[in-house]
Amino acid sequence: VTQDDPIEVYLDQLLVELRGSPRMVRRVLAESEAHLRDAVGDGVDPGEAVRRFGDARSVAVACNRQTGVPVSVLLRQPLLAACLPASVGWRTTSGLGQWLSAALVSAAVGAAFGMWLLRTLRHPQYAEEHAPAWPEAAGWRRRRPSITWSWPS
Amino acid sequence: MLKGHLDLLLLGLLRRGPQHGYAVITGLAELSGGHIDLPEGTVCPALHKLEAGGLVASEWSTSDGRKRRVYALTGDGRAALAARQEKWSLFSRGVEAVLA
């Protein structure tokens, strides 16, 4: 088996396209490989065996239709896709936006989780009076005691 | 046209005895004189559908050091085959009569 083996390449493509339960995906892959290796054992060229088996996407669509796709698999992709804009939105929205988001989360999954999320993820709103504390927080005063900080006017 | 009758063909083929997917495909091609030539990958999901419907049963089998999924007709599968065969006979006789 080499990386250029058409059967291996085909099985990789099929794996990417299949959407069923892990057990069903493994079974379809195993059956497909057995079929393709049988064809090659019958003297069919590996490339021709793959061509006769059919386009990986079409085969996967037919298999997905028969076996059904678990809800978790259906939801995974849109949820992951939504994570990035959601996280960017969280970091950029105002305090009011965060409260509204937390309220939505609370309504969806419970108030306790919404409040926990707000406390955990909400970034502090920095103001001028916090500036003198920043060097100390960063450890600068210990290393450079002569430097003092003030908010630029 | 073949799409609607693939189940009947698969059940008919499995009536001859348990077979694995590749044997099913080659059997279809040979017995039909090469007239039935499907993308081979379509047979696997069709067999899965029949299995989900309880018309065939399958298990892994190893022969010549190779692992294959072997499909066999169930009792329900035999009954379904008889019913579909009867429908097909009526249909084909009707078509023949019209075309004669």
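Not measured: the values here are computed from a predicted model.

1. Notes on the overall build of chain B
Here comes step 1: Counting secondary structure elements, chain B contains four helices and three strands.
Here comes step 2: Ordered by position from the N terminus, the helices and strands of chain B form the series α-β-α-α-β-β-α.
Here comes step 3: For chain B, the proportion of its 100 residues judged to be buried stands at 41%.
Here comes step 4: Contacts in chain B between residues at least 24 apart in sequence constitute 46% of all its contacts with a sequence separation of at least 6.
Here comes step 5: Of the roughly 5,800 Å² of accessible surface on chain B, 56% is carried by carbon and sulfur atoms.

2. Brief notes about the packing of helix α1 (residues 6–17) of chain A against helix α3 (residues 46–53) of chain A
Residue and element names in this part refer to chain A.
Here comes step 1: Taken N-terminus to C-terminus, the directions of α1 and α3 make an angle of 30°; their axes are 8 Å apart at the nearest point. One finds that α1 runs roughly parallel with respect to α3. The residues of α3 that touch α1, namely those facing P6, I7 and Y10, are P46, G47, V50 and F53.
Here comes step 2: For the contact of α1 with α3, a count of residues per class yields six nonpolar, one polar and no charged.

3. A short note on the packing of aromatic side chains
We describe a pair of aromatic rings using the distance from one ring centre to the other and the angle between the two ring planes.
Here comes step 1: One pass over the full model with this rule turns up two aromatic pairs over all chains.
Here comes step 2: When the ring of Y10(A) is compared with that of F53(A), the centres are 5.7 Å apart and the planes differ by 85°; the resulting orientation is edge-to-face. Here Y10(A) is found in helix α1, whereas its partner F53(A) is found in helix α3, with 43 residues between them in sequence.
Here comes step 3: Classification of Y10(A) by relative accessible area gives buried; the value is 2%.
Here comes step 4: Here W88(B) and F91(B) contribute two aromatic rings whose centre-to-centre distance is 5.7 Å and whose plane-to-plane angle is 40°, an arrangement assigned as tilted. Residue W88(B) and its partner F91(B) are both found in helix α4 (residues 75–99); the two are separated by three residues, about one turn of the helix.

4. Description of the pattern of salt bridges
Here comes step 1: Taken as a whole and assessed by the stated rule, the structure comprises 12 salt bridges over all chains.
Here comes step 2: For E17(A), the salt bridge goes to R57(A), with nearest N and O atoms at 3.5 Å. Pair noted here: E17(A) is in helix α1 and R57(A) is in helix α4 (residues 56–67), with a separation of 40 residues, a long-range link.
Here comes step 3: With its nearest N and O atoms 2.6 Å apart, the salt bridge here joins E51(B) to R27(A). Within this pair, whereas E51(B) is found in helix α3 (residues 43–52), its partner R27(A) is found in helix α2 (residues 22–41), the two belonging to separate chains.
Here comes step 4: Its relative accessible area of 21% is what places E51(B) among the partly exposed residues.
Here comes step 5: With a relative accessible area of 13%, R27(A) lands in the buried category.
Here comes step 6: Three or more residues are tied together by salt bridges with common partners; here these are D5(A), E8(A), E33(A) and R37(A).

5. Brief notes about the pairing of strand β3 (residues 66–73) of chain B
Residues and elements named next belong to chain B.
Here comes step 1: Judged from the two bridges that link them, strand β1 (residues 19–20) and β3 form a sheet pairing that is antiparallel. Across the sheet, residue Q19 finds its bridge partner in β3, namely Y71.
Here comes step 2: The pairing of strand β2 (residues 56–63) with β3 spans eight bridges and is classified as antiparallel. Looking across to β3, one finds that T62 is bridged to K67.
Here comes step 3: The antiparallel pairing of β2 with β3 creates a hairpin that spans two residues between the two strands, and D64 there sits at a positive phi of about 55°.

6. As for the sheet that holds β3(B)
Here comes step 1: Spatial ordering of the open sheet is given by β1-β3-β2 (chain B), a layout of three strands whose pairing is antiparallel. Each end of this open sheet is capped by a strand with a single partner; those strands are β1 and β2 of chain B.
Here comes step 2: Along the sheet, α2(A) makes contact with β1, β2 and β3 of chain B, crossing β3(B) at roughly 105°.
Here comes step 3: With respect to the sheet, α3(B) is in contact with β2 and β3 of chain B, its orientation differing from that of β2(B) by roughly 125°.

7. Some words on the nonpolar core
Generally speaking, nonpolar side chains in soluble globular proteins are found buried as a group.
Here comes step 1: By size, the foremost hydrophobic cluster in this structure holds 21 residues, and its most contacted members are L10(B), L11(B), L14(B), L38(B), V43(B) and V56(B).
Here comes step 2: Counting residues per element, the ones that place at least two in this core are α1 (6–14), α2 (21–31), α3, β3 and α4 of chain B.
Here comes step 3: Per-element accounting of this core gives the leading share, six residues, to α1(B).
Here comes step 4: Those residues within four positions of L11(B) in sequence are excluded, and the remaining contacts are L50(B), L55(B), V56(B), L73(B), G77(B), A80(B), L81(B) and R84(B).
Here comes step 5: One finds V25(A), L29(A), A39(A) and A60(A) within the second-largest nonpolar core, a separate group that totals 19 residues.

About the thresholds
- Residues numbered from 1 in each chain as written.
- Chains lettered and ligands numbered in written order.
- Predicted model: local features only at pLDDT ≥ 70, side-chain atom pairs only at ≥ 80, totals over all residues.
- Heavy atoms only, no water.
- Helix = DSSP H or I, 4+ residues; strand = E, 2+ residues; numbered from the N terminus.
- Buried < 20%, exposed > 50% of the residue type's maximum accessible area, 1.4 Å probe, protein only.
- Contact = heavy atoms within 4.5 Å.
- Areas by Shrake-Rupley, 256 points an atom, 1.4 Å probe, with all protein chains shown as cover.
- Axes fitted to C-alpha atoms, helices over the stretch in contact; angles between N-to-C directions.
- Parallel < 35°, antiparallel > 145°, perpendicular 65-115°, else oblique.
- Nonpolar A, V, L, I, M, F, W, Y, C, P; charged D, E, K, R; others polar.
- Phe/Tyr/Trp six-rings, centres within 6.5 Å; stacked < 30°, edge-to-face > 60°.
- Salt bridge = Lys/Arg side-chain N within 4 Å of Asp/Glu carboxyl O.
- Pairing = 2+ DSSP bridges.
- Core = buried A, V, L, I, M, F, W, Y, C linked by side-chain atoms within 4.5 Å.

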